[in-house]
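Close look at the chain arrangement
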Amino acid sequence: MTKETLSDFPLELEGADVPMVRFSKVTKRYGDLTVLDSLDLDVAEGEMVTIIGPSGSGKTTVLRMLMTLETINEGVIYVDGKPLTHMPGNGGLVPADNRYLRKMRANIGMCFQHFNLFPHMTAIENCMEGPVHVLGLPKREARERSEELLEMVGMADKRDQHPSRLSGGQQQRVAIARALAMRPKVMLFDEVTSALDPEVIGEVTNVIRRLVAEHNLTMLMVTHQMGFAKDISDRVCFFFGGRIEEQGKPEDLFGNPQRERTQQFLSAVKEAS
Amino acid sequence: MFDWRWDFTFEILPRLLLATVNTLMAAGAGYAIAVVLGLVLALAQRTPYRALTYAVRELVEFIRSTPLVLQIFFVFYVGPQFGIRLAPWTAGMIAIGLHYAAYLSEVYRGGLESVPKGQWEASLALNLSPARTYFRIIIPQALPPSLAGMGNYLVGIFKDTPMLSVIGVAELMHTANAIGSESYRFLEPYTLVGVIFLAISLPTAALIRVFEAWVRRQLGMS
Ligand SMILES: Nc1ncnc2c1ncn2[C@@H]1O[C@H](COP(=O)(O)OP(=O)(O)OP(=O)(O)O)[C@@H](O)[C@H]1O
Ligand SMILES: [Mg+2]
């Protein structure tokens, strides 16, 4: 975390076309390893952006930084126009305190590769935990909201089951409902089908398809399923070495990739599948 | 050689059973202190404050590598030199509670570390407060793997209560010694003490296993 005041970044983004998410010259390092290298990335409100790329290219790191699971070394991330992990102070931007971070974090929801449901709570308790104890909703209202969402992901009949009684696909659908119950503006999906058996991948991708079709959520998704990415994305970003090597509409990026690395990656993926 | 006197046995039995109540109270109170203080010691090692982690770590190591009897003597006899004068019971509970807190903190530490990193990350992603994360998400999951160790130390603290006799706490061992020196008969009182300890330890250990399975069921984790 940069301790000094940042003075060459705006305190807030203003104007008609403020993106929902903006990475502005974001750098992330682990020791000597630079994982994100001065990354610039905008995601518009309601846009579905898919991140693809080889292992280690920094895809997960992008999502984890947005979820504030990782600290930022350089640059600023803006969510809905406001800096995510910085706040105004000292005539510029300074690292945010916990209160500010909690407020900003409420904008973001995340689904993980390994679901990370709370094993000692039933499906509906998983969904209600945040609305009741973070948002302060009355129990009845939180229950109604959770039931609606479980219904939407097709898990209403399993609401009183513990995760250990659910298949991977079912757990992931509950995890999606749990994240949505917090009403985030931005949803993050990190390889949410990678840990699933092939025959249940469809039940999870169908839920995400519905979200894209019926809701105006801003979404960032990391996936290795190129067909799925092509179907539902507004834009696809190909990551390589902590930078965006190429990005564009799915039909362009998959149909007519311009950069050699993109071509190599896509043909390697095609061969493997 | 075997000169067991039943009339004497029945004569001293009520007195020993009364002392058993004291032993159970000492074990119970000491354990209650250890359960709570142990959690404090475990959580204190997980704060971002390096100096605190280090100090608590050293304290735990120190307590675990010195004998309980010494700690009991220390609290009881050295305390007054610093103006801290404690009744035998108080001193005994502090010493044994602290001693077992150090061991229990290690059990908790293992339990806490066994909770997958993803549980912390999901809690943060849901914006749960740190207190809520600990008490509702992490500790309930750390509990089942800690119960076996906690149970062992419950039996352990019970078996260590005789050490409190050295500062005059009137528990079982102390009473048996008193009977011995009054009547010059040691066979019956010591045998009875052994039988009483056995009669409590064995069912307790079995109950702990039942309890452990029950907790896992309650948490939906089996
Ligand atoms: N906590 C960490 N400490 C050190 N290095 C890390 C850490 N987390 C990630 N890295 C490194 O950062 C790089 C980028 O990781 P990241 O998880 O973002 O890759 P990815 O593109 O998601 O890859 P994959 O497709 O394998 O999931 C990798 O080289 C990884 O080894
Ligand atoms: Mg990844």
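Residues numbered from 1 in each chain as written. Chains lettered and ligands numbered in written order. Predicted model: local features only at pLDDT ≥ 70, side-chain atom pairs only at ≥ 80, totals over all residues. Heavy atoms only, no water.

What follows is about the overall build of chain A. When helices and strands are counted, chain A shows nine helices and 12 strands. Over its C-alpha atoms chain A spans a radius of gyration of 19 Å, differing by no more than 12% from the 19 Å that the globule rule assigns to 273 residues. With respect to the principal axes defined by its C-alpha atoms, chain A has extents near 50 × 50 × 40 Å. For chain A, contacts bridging at least 24 residues in sequence account for 64% of all contacts bridging at least 6. As presented, chain A carries roughly 12,300 Å² of accessible surface, and 44% of it is formed by carbon and sulfur atoms. Separation between the mean location of the 32 positive side-chain charges and that of the 38 negative ones in chain A comes to 4 Å. (Helix = DSSP H or I, 4+ residues; strand = E, 2+ residues; numbered from the N terminus. Rg over C-alpha atoms; globule rule 2.2 N^0.38 Å. Contact = heavy atoms within 4.5 Å. Areas by Shrake-Rupley, 256 points an atom, 1.4 Å probe, with all protein chains shown as cover. Lys, Arg positive; Asp, Glu negative; His and termini not counted. Charge placed at Lys NZ, Arg CZ, Asp CG, Glu CD.)

Let us look at the pattern of salt bridges. All names here are of chain A. Per the counting criterion, the structure on display carries 25 salt bridges over all chains. In this structure, Arg 22 engages Asp 42 in a salt bridge whose closest nitrogen and oxygen atoms are separated by 2.8 Å. With Arg 22 in strand E1 (residues 21-30) and Asp 42 in strand E2 (residues 33-43), this residue pair connects regions lying 20 residues apart in the sequence. A relative accessible area of 27% places Arg 22 in the partly exposed class. Overall, the relative accessible area of 29% leaves Asp 42 in the partly exposed class. Between Glu 245 and Arg 259 there is a salt bridge; the shortest N-O distance is 3.2 Å. Pair noted here: Glu 245 is in strand E12 (residues 243-248) and Arg 259 is in the loop between helix H8 (250-255) and helix H9 (260-272), with a separation of 14 residues, a long-range link. The class of Glu 245 is buried, set by a relative accessible area of 16%. (Salt bridge = Lys/Arg side-chain N within 4 Å of Asp/Glu carboxyl O. Buried < 20%, exposed > 50% of the residue type's maximum accessible area, 1.4 Å probe, protein only.)

Our focus in this paragraph is the site of ligand 1. Residues and elements named next belong to chain A. Close to ligand 1 lie 13 residues; Ser 55, Gly 56, Lys 59, Thr 60 and Thr 61 are nearest. Isolated, ligand 1 exposes 640 Å² of accessible area, and the fraction of that covered by the protein chains is 60%. Classifying every residue of the shell around ligand 1 by side-chain character gives four nonpolar, seven polar and two charged. (Near = heavy atom within 4 Å. Nonpolar A, V, L, I, M, F, W, Y, C, P; charged D, E, K, R; others polar.)

Below, the discussion takes up the packing of helix H1 (residues 6-44) of chain B against helix H7 (residues 172-183) of chain B. Residue and element names in this part refer to chain B. Where H1 contacts H7, the axes come no closer than 8 Å and their chain directions differ by 150 degrees. Between H1 and H7, the crossing angle belongs to the class labelled roughly antiparallel. Crossing of H1 against H7: the hand is right-handed. Residue-level contacts link Phe 8, Ile 12, Arg 15, Leu 16, Ala 19, Thr 20 and Thr 23 of H1 to Leu 172, Thr 175, Ala 176, Ala 178, Ile 179, Glu 182 and Ser 183 of H7. The residue makeup of the contact of H1 with H7, split by class, is eight nonpolar, four polar and two charged. (Axes fitted to C-alpha atoms, helices over the stretch in contact; angles between N-to-C directions. Parallel < 35°, antiparallel > 145°, perpendicular 65-115°, else oblique. Left-handed = near helix turned anticlockwise from the far one by under 90°.)

Further remarks concern unusual backbone geometry. Positive phi is not limited to glycine here, since Asn 90 of chain A has a value of about 60 degrees. With respect to the element layout, Asn 90 of chain A can be found in the loop between strand E6 (86-89) and strand E7 (92-95).

Residue and element names in this part refer to chain A. Spatially, E8-E9-E10-E3-E11-E12 is the arrangement adopted by the six strands of the open sheet, whose pairing is mixed. Two strands lie at the open edges of the sheet, namely strand E8 (108-111) and E12, each paired on one side alone. Along the sheet, successive strands turn relative to each other by an average axial angle of 20 degrees, direction set aside. Relative to strand E11 (residues 235-240), strand E3 (residues 48-52) is paired through four bridges, and the arrangement is parallel. Looking across to E11, one finds that Ile 52 is bridged to Phe 238. Sheet strands in contact with helix H5 (residues 168-180) are E8 and strand E9 (186-190), and its direction is about 175 degrees off that of E8. (Pairing = 2+ DSSP bridges.)

With that settled, consider the interface of chain B and chain A. Size of an interface, as often reported, equals the accessible area lost when the parts are brought together. Contact residues are listed per partner, giving 20 residues for chain B and 25 residues for chain A. Between chain B and chain A, roughly 2,000 Å² of surface is buried when both sides are summed, and carbon and sulfur atoms account for 57% of that area. When the buried surface of chain B facing chain A is broken down by residue, Leu 124, Leu 126 and Asn 127 of chain B rank first, second and third, together holding 31% of it. Seen at the junction of chain B and chain A, the total is two salt bridges. In this structure, Glu 129 of chain A and Arg 132 of chain B form a salt bridge, with 2.6 Å as the shortest nitrogen-oxygen distance. Counting every contact that joins chain B to chain A gives eight residue pairs in polar contact (both at pLDDT 80 or more). Of all the secondary structure elements, the ones that give two or more residues to the side of chain B that touches chain A are helix H5 (117-125) and helix H6 (130-160) of chain B. Ranked by the residues each element gives to the side of chain B that touches chain A, the list is headed by H5 of chain B, at seven residues. Tallied by class, the residues present in the side of chain B that touches chain A amount to nine nonpolar, eight polar and three charged. (Buried area = accessible area lost by both parts, 1.4 Å probe. Polar contact = N/O pair within 3.5 Å; in protein donor to acceptor, adjacent residues only side chain to side chain.)

To continue, consider the pairing of E11 of chain A. Remark: a regular strand shows side chains that alternate across the two faces of the sheet. Residues and elements named next belong to chain A. Most of E11 is tucked away, with five of its six residues classed as buried. With five bridges joining them, E11 and E12 adopt antiparallel strand pairing. Bridge assignment links Phe 238 to a residue of E12, and that residue is Glu 246. The hairpin formed by E11 and E12 contains two residues between the paired strands, and Gly 241 there has a positive phi angle of roughly 55 degrees.

Residues and elements named next belong to chain A. Between the first and last C-alpha of H5 there are 18 Å, a value that for 13 residues agrees with the 18 Å anticipated at 1.5 Å per step. With 12 of 13 residues buried, H5 is to be regarded as a mostly interior element. For H5, every residue scored as buried is listed here: Gly 169, Gln 170, Gln 171, Gln 172, Arg 173, Val 174, Ala 175, Ile 176, Ala 177, Arg 178, Ala 179 and Leu 180. (Expected span 1.5 Å × (residues − 1).)

Residues and elements named next belong to chain B. The terminal C-alpha atoms of H7, which comprises 12 residues, lie 16 Å apart, in line with the 16 Å expected from a rise of 1.5 Å per residue. All buried positions along H7 are accounted for by Leu 172, Thr 175, Ala 176, Ile 179 and Gly 180. Here the buried residues of H7 occupy an arc of 140 degrees about the axis, which is enough to place them on one side. The opening residue of H7 is Glu 171, an N-cap whose side-chain oxygen sits 3.0 Å from the backbone nitrogen of Met 173. One or two positions beyond H7, positive phi appears at Tyr 184, with a value near 60 degrees. (Arc of directions from axis to C-beta.)

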